Amino acid sequence: MVEQVLVEIDERRLLRRLDELAQRGTLPGGGIYRALYTPAWVAATELVTAWCKDAGLLTRRDQVGNVWGRMEGSRGGRAIVTGSHIDTVRGGGALDGGLGVVAGVEAVASLVARFGRPNRILECVAICEEEGSRFNTNFWGARAIADRLEPDEASRARDAEGVTLADAMRSVGLDPATAAQAVRRDIDTFVELHIEQGPILDESGGRLGVVRVIAGTAHLEVTVRGQADHAGAAAMERRRDALLGAAAMTLRVAELAREFGPPAVATVGTIAVEPAQVNVVPGLARFTVDARHSDNARRLELVAEIEKACKVIGRERELGVEVRTLRDRPPVSLNERTTDVLRRAARTAGIEPREMNSGAGHDTQILTAAAHTAMLFVPSIGGRSHRADEATAAEDVVLGARVLATSLHELAYT
Ligand code: GLV
Ligand code: MN
Ligand code: MN
């Protein structure tokens, strides 16, 4: 077994850079929104580019806007890569994605400054998009790397204003016709540092976690069709109110996840009605369901039960119901040997890491198709994430970055 050394990083610079990144996309009412190909996103990618150049890394933006910093290895071969996503949800915090990006740059910069050229090619990456918060697609950056883009996806995907992903790419100087060329077939290992986003480490006093399985996710779109009617003249018993049907379905979706028990979760995160007027009974309601489980058979059962329940409620209320699968990603197991490198690095820092599954989705789950992958978690205070007050103690941020750097040292230098 390799003797590891705990790699030091520049703590003050790490924390300062996290703050600097958080200033790109600050919302007036609090929280951050750094959506793909927006001015805030451009500013954030420029910042990361400057950091990579400052570390003496060969720096480039690929065909979809992922920013890479690279140090060639004396032995060549396949690359050791670390990073995370640079986009955020609307009103999100500074750490979801941001931590893995900033710590990735810092870890690589520290290793290069201290140990010089690695044996293996060593790279950090700011992945352009993971959250699906602007366009009706997600994992755009990691899927491009892993050769998982769908033909014509950039011209089909749109944001809420109707702007296509392709036009948004052009607005930041990218050519959508070349998106598939962002593929990388030469990555050996991808390691991602991320906040846990749940309460387990925080509540158990754990400081580090290693991820075994990332839960699978299904995204459904449910369309409920009733009859629009006059809000004053149509008697209550005559109505076929699509929104009331959707509301009953929403409650049942959450109930079903509770009946399945942890780690099943199901969320109705968006809902829209038509014609959306104060004095008209909604004739149509459309909502999304996000359903997750780390056991694929249970996940499929949960999705089937949700679909069945929506149809039953629709029949009871004389409403038409269509359920469309927007995307379906099975759970993913991470690489045991790479995870062992993280375990050893955590122990080198004096911490026994907790073995965990992730309910949240991560770029790592996509990159598992293209590389050996592993993930390191640090605690989220109060389990808070996807909200403005997301937080991790500074000493845990620093610890996570050190353990990441230590792992990369074993992977790229020994
Ligand atoms: C991303 O944060 C997700 O889990 O959907
Ligand atoms: Mn997220
Ligand atoms: Mn994330």
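The structure reproduced in this document is the subject of the present report. Residue indices begin from 1 for each chain and proceed along its sequence in written order. A letter from A marks each chain and a number from 1 marks each ligand, given out in the order of writing. Selection of residues for local features in this predicted model requires a pLDDT of at least 70, selection of side-chain atom pairs for listing and counting requires 80 or more, and totals for whole chains, interfaces and linings are taken over all residues. The basis for every side-chain value is the complete set of non-hydrogen atoms in the structure, without hydrogens or water.

## Topic: the site of ligand 1
Thinking step 1. The criterion for a residue being near a molecule or strand is simple. One of its heavy atoms has to lie within 4 Å of it. In the region of ligand 1, the neighbouring residues are Glu130, Glu131, Arg292, Ala360, Gly361 and His386.
Thinking step 2. For ligand 1, an oxygen atom lies 2.8 Å from a polar atom in the side chain of Arg292.
Thinking step 3. In this description, accessible areas are obtained by the Shrake-Rupley approach with a 1.4 Å probe, and a residue is regarded as covered only by the protein chains that are shown. Here ligand 1 loses 86% of its free accessible area of 200 Å² to cover by the protein chains.
Thinking step 4. Classifying every residue of the shell around ligand 1 by side-chain character gives 1 nonpolar, 2 polar and 3 charged. Whenever two N or O atoms come within 3.5 Å, that pair is a polar contact, provided that in protein one can donate a hydrogen and the other can accept it, and provided that, for residues adjacent in sequence, both atoms are side-chain atoms. Under the scheme applied, nonpolar residues are Ala, Val, Leu, Ile, Met, Phe, Trp, Tyr, Cys and Pro; charged residues are Asp, Glu, Lys and Arg; polar residues are all the others, including Gly.

## What to know about the packing of helix 2 (residues 39-54) against helix 3 (residues 98-115)
Thinking step 1. Contact geometry of helix 2 with helix 3 gives a least axis separation of 10 Å together with a crossing angle of 15°. Comparing their axes, helix 3 and helix 2 come out roughly parallel. In terms of crossing hand, the pair formed by helix 2 and helix 3 is right-handed. In this structure, helix 2 contributes Val48, Trp51 and Cys52 to the contact, and helix 3 contributes Val101, Val102 and Val105.
Thinking step 2. Among the residues making up the contact of helix 2 with helix 3, the classes are represented as 6 nonpolar, no polar and no charged. Throughout, an axis means a line fitted to C-alpha atoms (over the contacting stretch in the case of helices), and angles, computed between N-to-C directions, take values from 0 to 180 degrees. The numbering of helices and of strands both runs from the N terminus, where a helix is a DSSP run of H or I of at least 4 residues and a strand a run of E of at least 2. Under this scheme an angle from 65 to 115 degrees is roughly perpendicular, one under 35 degrees roughly parallel, and one over 145 degrees roughly antiparallel; angles in between are oblique. Crossing handedness follows the turn of the near helix against the far one: under a right angle anticlockwise gives a left-handed crossing, and clockwise gives a right-handed one. In this description, contact between two residues means that some pair of their heavy atoms is separated by no more than 4.5 Å.

## Concerning the coordination of the manganese ion (ligand 2)
Thinking step 1. Taken together, Asp96 (OD), Glu131 (OE), Glu131 (OE) and His386 (NE2) make up the full set of protein donors to the manganese ion (ligand 2), lying 2.1 to 2.6 Å away.
Thinking step 2. Sequence positions of the donors to the manganese ion (ligand 2) reduce to the motif D-x34-E-x254-H.
Thinking step 3. As a rule, N, O and S atoms within 2.8 Å of a metal are its donors, except that Na, K and Ca use 3.2 Å; water is not among the atoms, so sites may look incomplete. Separating the manganese ion (ligand 2) and the manganese ion (ligand 3) is a distance of 3.6 Å, and Asp96 donates to both of them. Residue Glu131 is found in the loop between strand 4 (122-127) and helix 4 (140-145), and its partner His386 is found in the loop between strand 16 (372-378) and helix 12 (394-413); the two are separated by 255 residues along the sequence.
Thinking step 4. Glu131 sits in the buried class, given a relative accessible area of 15%. Accessibility here uses a 1.4 Å probe with only protein chains present; expressed as a share of the type maximum, an area under 20% marks a residue as buried, one over 50% as exposed, and anything in between as partly exposed.

## Observations regarding the coordination of the manganese ion (ligand 3)
Thinking step 1. His85 (NE2), Asp96 (OD) and His194 (NE2) make up the full set of protein donors to the manganese ion (ligand 3), lying at 2.0 to 2.2 Å.
Thinking step 2. Each donor residue of the manganese ion (ligand 3) lies on the same chain, and together they follow the pattern H-x10-D-x97-H.
Thinking step 3. For His85, a relative accessible area of 0% puts it in the buried group.
Thinking step 4. For Asp96, a relative accessible area of 5% gives the class buried.

## Concerning the packing of helix 3 against helix 12
Thinking step 1. It is at 9 Å that the axes of helix 3 and helix 12 come closest, and there the two elements cross at 55°. Relative to helix 12, the element helix 3 is oriented oblique. The two elements helix 3 and helix 12 cross, and the hand of that crossing is right-handed. Listed contacts from helix 12 to Leu99, Ala103, Gly104, Ala107, Val108, Leu111, Val112 and Phe115 of helix 3 are Val397, Ala401, Leu404, Ala405, Leu408, His409 and Tyr413.
Thinking step 2. Considered class by class, the residues forming the contact of helix 3 with helix 12 number 13 nonpolar, 2 polar and no charged.

## Observations regarding the layout of surface pockets
Thinking step 1. A pocket, in this scheme, is an open set of points on a 1 Å grid over the protein atoms alone with protein on both sides within 12 Å along at least 5 of 7 lines, while a cavity is a set where a 1.4 Å probe fits but cannot get out; residues line either one if an atom lies within 4 Å of a point. Grid points are joined across faces, edges and corners, and a volume is the space filled by probe spheres set on the points. Here the second largest pocket defines a volume of roughly 290 Å³.
Thinking step 2. Contributions of two or more residues to the lining of the second largest pocket are made by strand 5 (187-195), helix 10 (336-348) and helix 12.
Thinking step 3. If you tally residues by element for the lining of the second largest pocket, the top one is helix 10, at 5 residues.
Thinking step 4. Of the residues that constitute the lining of the second largest pocket, the class distribution is 4 nonpolar, 5 polar and 6 charged.

## Structural notes on helix 12
Thinking step 1. By definition here, a helix of n residues has an expected span of 1.5 Å times n minus one. Across its 20 residues, helix 12 extends 28 Å between first and last C-alpha, which sits within 8% of the 28 Å expected from 1.5 Å per residue.
Thinking step 2. Most of helix 12 is tucked away: 18 of the 20 residues are buried.

## A short note on the pattern of salt bridges
Thinking step 1. Salt-bridge detection follows one rule: a side-chain nitrogen of Lys or Arg within 4 Å of a carboxyl oxygen of Asp or Glu. Under the criterion given, the structure shown has 35 salt bridges.
Thinking step 2. For Glu72, the salt bridge goes to Arg70, with nearest N and O atoms at 2.7 Å.
Thinking step 3. Between Arg184 and Asp186 there is a salt bridge whose closest N-O contact spans 2.7 Å.
Thinking step 4. Asp186 gets classed as partly exposed once you look at its relative accessible area, which sits at 28%.
Thinking step 5. One salt-bridge network, in which partners are shared between bridges, spans Arg70, Glu72, Glu123, Arg184 and Asp186.

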